[in-house]
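Spelled out, the chains give:
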Amino acid sequence: GQQVMQIPQYQHVQEGEDFTTYCNSSTTLSNIQWYKQRPGGHPVFLIQLVKSGEVKKQKRLTFQFGEAKKNSSLHITATQTTDVGTYFCAAYGNKLVFGAGTILRVKS
Amino acid sequence: SAVISQKPSRDICQRGTSLTIQCQVDSQVTMMFWYRQQPGQSLTLIATANQGSEATYESGFVIDKFPISRPNLTFSTLTVSNMSPEDSSIYLCSVQSRTNTEAFFGQGTRLTVV
């Protein structure tokens, strides 16, 4: 079945530093979604990408979908303590399949 | 968007007992999804609950262990049966938007089996 690999597993950054998490698939994806889960919370939808090479921005967050639609990234510029949490990519085929997630910790 | 109410939010249960988790959605949806999230791990789909038919279980999950009810288009329950410490996890219910562009989640049930 469809699988999405996500790296890194964990990243600890100083407040103000940038952060990037990557998602890869061996097969072409029809779409990629990104979710954020705060500690103790539930996943919350951030965005969906569907077009080859698509780039979307939400304030300090930049989302990219690769040209081949096999990879995606989420980049956070100048992290803040409010960015702490786990970021998941997910791909929807006939069901939603989640990547392993990247845990982001921010040192203030 | 969809608002999902899930309860209980947490429970501590004795091994060998069963716990039923309830999920109520504020709108009618065709499919509801049940996920398990083990500590520090990703979300794993347990089953898809369809109104009016048997739930569809993913590989590694069986109906005897995780019976699901779906009596109407806004409500579902997941039971974790004959629990063992390995069942300690967060259980989440979820629905998709009409166009499957995003998923909405309940607050989750944090289960500890002792």
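Shown above is the structure to which this text applies.
Anyway, here's the lowdown on the structure attached to this text.

### Concerning the state of the cysteines
1) Next: Going through the model one piece at a time under the given rule, you end up with two disulfides over all chains.
2) Next: Covalently, C23(A) is tied to C89(A) through a disulfide, its sulfur atoms 2.0 Å apart. Because the torsion about its S-S bond is 70 degrees, the bridge between C23(A) and C89(A) counts as right-handed. Of this pair, C23(A) sits in strand β3 (residues 19-24) while C89(A) sits in strand β9 (residues 85-92), and the two are 66 residues apart along the sequence.
3) Next: Residue classification places C23(A) among the buried residues on the basis of a relative accessible area of 2%.
4) Next: One disulfide in the model links C23(B) with C93(B); its S-S distance is 1.9 Å. On the sign convention where negative is left-handed, the bridge of C23(B) and C93(B), at about 70 degrees about the S-S bond, is right-handed. Pair noted here: C23(B) is in strand β3 (residues 19-25) and C93(B) is in strand β9 (residues 89-96), with a separation of 70 residues, a long-range link.
5) Next: With relative accessibility at 0%, the residue C23(B) sits in the buried group.
6) Next: Of the cysteine sulfurs around C13(B), a residue in no disulfide, the closest is that of C93(B), at 17 Å.

### Some words on the layout of surface pockets
1) Next: Its boundaries defined by the atoms lining it, the largest pocket holds a volume of some 480 Å³.
2) Next: Taken together, 25 residues form the lining of the largest pocket, with T86(A), Q37(B), P39(B), G40(B) and Q41(B) sitting closest to its centre.
3) Next: Listed by contribution, the elements that provide at least two residues to the lining of the largest pocket are β9 and β11 (102-107) of chain A together with β9 and β11 (109-113) of chain B.
4) Next: At three residues, β9(A) tops the list of elements feeding residues into the lining of the largest pocket.
5) Next: Of the residues belonging to the lining of the largest pocket, the class tally is seven nonpolar, 15 polar and three charged.
6) Next: In this model, the second largest pocket occupies a volume close to 340 Å³.
7) Next: For the second largest pocket, the lining is made up of 18 residues, of which Q2(A), V97(A), F98(A), L43(B) and T44(B) are closest to its centre.
8) Next: When residues of the lining of the second largest pocket are traced back to their parent elements, those giving at least two are β10 (96-98) of chain A together with β5 (43-50) of chain B.

Thresholds, definitions, all that
Residues numbered from 1 in each chain as written. Chains lettered and ligands numbered in written order. Predicted model: local features only at pLDDT ≥ 70, side-chain atom pairs only at ≥ 80, totals over all residues. Heavy atoms only, no water. Disulfide = S-S within 2.5 Å. Helix = DSSP H or I, 4+ residues; strand = E, 2+ residues; numbered from the N terminus. Buried < 20%, exposed > 50% of the residue type's maximum accessible area, 1.4 Å probe, protein only. 1 Å grid on protein atoms, 1.4 Å probe; cavity = no way out; pocket = protein on both sides within 12 Å on 5 of 7 lines; lining within 4 Å. Points joined across faces, edges and corners; volume = space filled by probe spheres on them. Nonpolar A, V, L, I, M, F, W, Y, C, P; charged D, E, K, R; others polar.

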